[in-house]
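A structural walkthrough
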Amino acid sequence: MLMSPGGRVAKLHYGPNGFRLLAQGDHVVCAVSGERIPLDELRYWSVARQEPYATPEISTRAALAK
């Protein structure tokens, strides 16, 4: 996905099988690394903590840390 530098952060509700868009945007920010994640590349999140993660490694590390 092509993003402009002024892209908008989306607000999402994370579910066990997907997410629901609550506020328009083109990306979310990883809860651990701060990396921008385009919505079409978002694959990892925590339903319990409602947090997105950039990679499976970051997701696992976050799950083990809390």
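Presented here is an overview of the structure given in this document. (Residues numbered from 1 in each chain as written. Predicted model: local features only at pLDDT ≥ 70, side-chain atom pairs only at ≥ 80, totals over all residues. Heavy atoms only, no water.)

Within the protein chain one finds 1 helix and 6 strands. Going from N to C terminus, the protein chain has its helices and strands arranged as β-β-β-β-β-β-α. Over its C-alpha trace the protein chain gives a radius of gyration of 11 Å, about what one expects of a compact globule, namely 11 Å for 66 residues. Overall size of the protein chain, expressed as C-alpha extent along the three principal axes, is 35 × 20 × 15 Å. Split into buried and exposed, the 66 residues of the protein chain put 30% on the buried side. Of all intrachain contacts in the protein chain linking residues separated by at least 6 positions in sequence, the fraction that spans at least 24 positions is 31%. (Helix = DSSP H or I, 4+ residues; strand = E, 2+ residues; numbered from the N terminus. Rg over C-alpha atoms; globule rule 2.2 N^0.38 Å. Buried < 20%, exposed > 50% of the residue type's maximum accessible area, 1.4 Å probe, protein only. Contact = heavy atoms within 4.5 Å.)

Moving on, we get to the nonpolar core. Ala10, Leu12, Tyr14, Val28, Cys30, Ile37, Leu39, Leu42, Tyr53, Ala54, Ile58 and Ala62 form the largest nonpolar core, which has 12 residues in total. Taken together, the elements giving at least two residues each to this core come down to strand 1 (11-14) and helix 1 (56-65). For Leu12, the residues in contact, after removing those within four places along its chain, are Phe19, Arg20, Leu21, Leu22, Val28, Leu39, Leu42 and Gln50. (Core = buried A, V, L, I, M, F, W, Y, C linked by side-chain atoms within 4.5 Å.)

One pass over the full model with this rule turns up 1 salt bridge. With a shortest N-O distance of 3.6 Å, Glu51 and Arg49 are connected by a salt bridge. Residue class for Glu51 comes out buried when judged on its relative accessible area of 17%. (Salt bridge = Lys/Arg side-chain N within 4 Å of Asp/Glu carboxyl O.)

Moving on: the packing of aromatic side chains. Under the defined criterion, the tally for this structure stands at 2 aromatic pairs. Relative to Trp45, the ring of Phe19 lies with its centre 5.5 Å away and its plane at 85°, an arrangement referred to as edge-to-face. With a gap of 26 residues between them, Phe19 in strand 2 (residues 19-23) and Trp45 in strand 5 (residues 44-46) connect regions that are remote in the sequence. (Phe/Tyr/Trp six-rings, centres within 6.5 Å; stacked < 30°, edge-to-face > 60°.)

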